[in-house]
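Summary of structural features
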There are 2 protein chains.
Amino acid sequence: MQEIAAISKALGEENRLRAVTALQGREMCVCQLTELLGLAPSTVSKHMAVLRAAGLVESWKEGRWVHYRLANRGAPPAVRQALAWAAKWLQGSPRARQDAARLKKILRLDKEELCRRQGRCRG
Amino acid sequence: MQEIAAISKALGEENRLRAVTALQGREMCVCQLTELLGLAPSTVSKHMAVLRAAGLVESWKEGRWVHYRLANRGAPPAVRQALAWAAKWLQGSPRARQDAARLKKILRLDKEELCRRQGRCRG
DNA sequence: GGTACAATTCGTCATGTGGCGAAGTATAAT
DNA sequence: ATTATACTTCGCCACATGACGAATTGTACC
């Protein structure tokens, strides 16, 4: 029951739902998610930690970057079904559409430029 | 997206999951739920209000009693599917089993006796 | 080694949430 | 009308959570 509660709780927050939706069909690093969500990196990191603790996403390091993807393959059935549920009903949501448009632009930028846009590279 | 978040948030709490599980296939009044969950009536009432706001349960008055049932019929598909998901994966949970056993006994008592057991009738 | 930098962790704050008991509301019984 | 009672609302408290910036960590590049 705790596992089901953890999954539900993880999905019970708008910004995390936005992240999950953005990860539909692609991998993203934290800096891309940060740009999309418009939150501080530390905040995004915490959100992703919640999603990972619930088993909804998995992450791995590649150089300095940490990539996240949905835990579709090899995840418990309850998790897969929850993700499918969220994806299905968020599809038409205005917020999801809006994010999808912004995401397109973000994915076109390379990471250096992204960083510059966030104003954290001019040390 | 807010609706999906509200549904998830409502299900993201153990006692509310217990209530939803108990309502599987039956209606219950608040005093029965209170006995099952072992919480104060006011707390149970608040939990049920959250579930109702998310569209997961519906309630109606019958005399002094307020009955709750799952919002299966006529509810939005996202709600029905969420309830089905929760029911499916809570089935085997130890907590759910334990509650099911206690629930059997509670349902055998009539409401007067229930009230007496809760020690709120000896004004 | 030293610097740059993506990400996380830490410290802090404001707000949200779960819990209770007391007070209030609505309905039944006397 | 008065009392009893099933539930909700209100007021309060302790704790959880989302947000940020600062400090820390791990990795690449001089």
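Everything below is about the structure shown above.
What this report covers is the structure whose coordinates are included nearby. In this text the structure is predicted, and so the values were computed from the model without any measurement. Every chain is numbered on its own, with residues counted from 1 as its sequence reads. Throughout, the order in which chains and ligands are written sets their labels, letters from A for the former and numbers from 1 for the latter. Note on the predicted model: pLDDT of at least 70 is required for a residue's local features to be given, and 80 or more for side-chain atom pairs to be given and counted; whole-chain, interface and lining totals, by contrast, use all residues. Side-chain metrics in this entry use all non-hydrogen atoms of the structure; hydrogen atoms and water are not considered.

1. Digging into helix 3 (residues 30-37) of chain B
Keep this limit in mind: For the exposure calls, accessible area comes from a 1.4 Å probe over protein chains only, and a residue counts as buried if that area is under 20% of its type's maximum, exposed if over 50%, partly exposed in between. Here a helix means four or more residues in a row that DSSP labels H or I, a strand means two or more in a row labelled E, and each is numbered from the N terminus.
Of all 8 residues in helix 3 of chain B, 8 are buried; the element is thus mostly enclosed. Where helix 3 of chain B is concerned, the buried positions are Val30, Cys31, Gln32, Leu33, Thr34, Glu35, Leu36 and Leu37 of chain B.

2. Remarks on the nonpolar core
Generally speaking, nonpolar side chains in soluble globular proteins are found buried as a group. Rules: By nonpolar core we mean a set of buried residues, namely Ala, Val, Leu, Ile, Met, Phe, Trp, Tyr and Cys, connected to one another through side-chain atoms within 4.5 Å. By the convention used here, residues are in contact when the closest approach between their heavy atoms is within 4.5 Å.
By size, the foremost hydrophobic cluster in this structure holds 71 residues, and its most contacted members are Met48 and Leu56 of chain A together with Met48 and Leu56 of chain B. When sequence neighbours within four positions are dropped, the list of residues in contact with methionine 48 of chain A reads Ala19, Leu23, Leu33, Val57 and Tyr68 of chain A.

3. Here we look at the relation of the copies chain A and chain B
Which entries qualify depends on this criterion: Copy-to-copy superposition: least squares on the C-alpha atoms, limited to residues that have pLDDT of at least 70 in both copies.
The transform that puts chain A on chain B rotates by 180 degrees and translates by 0.0 Å along the axis, for an RMSD of 0.0 Å. The two molecules are tied by a two-fold rotation axis, judged by turn and shift. Distance from the rotation axis, computed per C-alpha, reaches its smallest value in chain A at serine 8 of chain A: 2.4 Å. The share of interface residues of chain A whose copies in chain B are also at the interface is 100%, consistent with both copies meeting through the same surface.

4. A few points about the protein's contact with DNA strand C
Applied cut-off: The rule for a residue being near a molecule or strand is that one of its heavy atoms must lie within 4 Å of it. The definition of a polar contact used here is a pair of N or O atoms within 3.5 Å, where within protein one atom must be able to donate a hydrogen and the other to accept one, and adjacent residues in sequence count solely through side-chain atom pairs.
What surrounds DNA strand C is a group of 25 residues, the closest being Ser45 and Tyr68 of chain A together with Asn15, Thr43 and His47 of chain B. Within 4 Å of the protein, the atoms of DNA strand C are drawn from sugar and phosphate moieties in a proportion of 74%. Alanine 40 of chain B has a polar backbone atom sitting 2.9 Å from a phosphate oxygen of DNA strand C. In this structure, a base oxygen belonging to DNA strand C sits 2.9 Å away from a side-chain N or O atom of lysine 46 of chain B. Those elements that provide at least two residues to the surface near DNA strand C are helix 3 (30-37), helix 4 (41-53) and strand 3 (65-70) of chain A together with helix 2 (14-22) and helix 4 (41-53) of chain B.

5. Description of the packing of aromatic side chains
Our working rule: Classification of ring pairs uses Phe, Tyr and Trp, with its six-membered ring standing for Trp, and accepts pairs whose centres are within 6.5 Å; under 30 degrees between planes counts as stacked, over 60 as edge-to-face, and the remaining range as tilted. Placement of a charge over a ring requires the Lys NZ or Arg CZ to be within 6 Å of the ring centre, with the centre-to-atom vector within 35 degrees of the ring normal.
Enumeration according to the criterion identifies 0 aromatic pairs over all chains in this entry. Over the face of the ring belonging to tryptophan 60 of chain A we find arginine 69 of chain A, whose NZ or CZ atom lies 4.4 Å from the ring centre.

6. Quick word on the pairing of strand 3 (residues 65-70) of chain B
Residues and elements named next belong to chain B. Just so we agree on the cut-off: Two strands form a pair only when DSSP identifies at least two bridges running between them.
Bridge count between strand 1 (residues 28-29) and strand 3: 2 bridges; the pairing is antiparallel. Among the inter-strand pairings, methionine 28 is bridged to a residue of strand 3, identified as tyrosine 68. Where strand 2 (residues 57-62) and strand 3 come together, 6 bridges link them in antiparallel fashion. Each residue of the ladder has a partner; that of glutamate 62, found in strand 3, is tryptophan 65. Here strand 2 folds back onto strand 3, and the loop between the two strands holds 2 residues, one of which, glycine 63, carries a positive phi near 65 degrees.

7. Section: the side chain of asparagine 15 of chain B
You can see asparagine 15 of chain B is positioned in helix 2. A relative accessible area of 17% places asparagine 15 of chain B in the buried class.

8. Observations regarding helix 2 of chain B
Residues and elements named next belong to chain B. With 7 of its 9 residues buried, helix 2 lies for the most part within the structure. Residues Asn15, Arg16, Leu17, Arg18, Ala19, Val20 and Ala22 constitute the buried set of helix 2. For helix 2, the capping residue at the N-terminal end is glutamate 13, with a side-chain oxygen 2.9 Å from the backbone nitrogen of asparagine 15.

9. Considerations on the sheet that holds strand 3 of chain B
Within the open sheet, the 3 strands sit side by side as 1-3-2 (chain B). Their pairing is antiparallel. Looking along the sheet, the strands with just one partner apiece sit at the ends: strand 1 and strand 2 of chain B.

10. Brief notes about the sheet that holds strand 1 (residues 28-29) of chain A
Across a sheet, strands are paired by hydrogen bonds formed along the backbone, either parallel or antiparallel in direction. Strand order in the open sheet made by the 3 strands is 1-3-2 (chain A), with antiparallel pairing throughout. Of all the strands in the sheet, the pair left with one neighbour each is strand 1 and strand 2 (57-62) of chain A.

11. Brief notes about the environment of threonine 34 of chain B
All names here are of chain B. Tracing the backbone shows threonine 34 in helix 3. Residue class for threonine 34 comes out buried when judged on its relative accessible area of 6%. Distance from threonine 34 to alanine 19, taken between C-alpha atoms, is 9.5 Å for residues 15 residues apart in sequence.

12. Concerning the interface of chain A and chain B
The following threshold applies: Note on terms: buried area is the combined drop in 1.4 Å-probe accessible area of two parts once they are placed together, counting the loss on both. Just to be clear on terms, a salt bridge is a Lys or Arg side-chain nitrogen sitting within 4 Å of an Asp or Glu carboxyl oxygen. When residues are sorted by character, Ala, Val, Leu, Ile, Met, Phe, Trp, Tyr, Cys and Pro go into the nonpolar class, Asp, Glu, Lys and Arg into the charged class, and all the rest, Gly among them, into the polar class.
Opposite the 25 residues of chain A that make contact, chain B presents 25 residues. Counting the surface lost from both chain A and chain B, the interface buries some 2200 Å², and carbon and sulfur atoms represent 73% of this. Among the residues of chain A in contact with chain B, Met1, Trp85 and Trp89 of chain A are the three that bury the most area, contributing 36% of the side total. For the pair chain A and chain B, the number of links is 0 salt bridges. Connecting chain A to chain B are 4 residue pairs in polar contact (both at pLDDT 80 or more). Contributions of two or more residues to the side of chain A that touches chain B are made by helix 1 (2-11), helix 2 (14-22), helix 5 (77-90) and helix 6 (94-108) of chain A. No other element matches helix 5 of chain A, which puts 8 residues into the side of chain A that touches chain B. Class assignment for the residues of the side of chain A that touches chain B results in 13 nonpolar, 6 polar and 6 charged.

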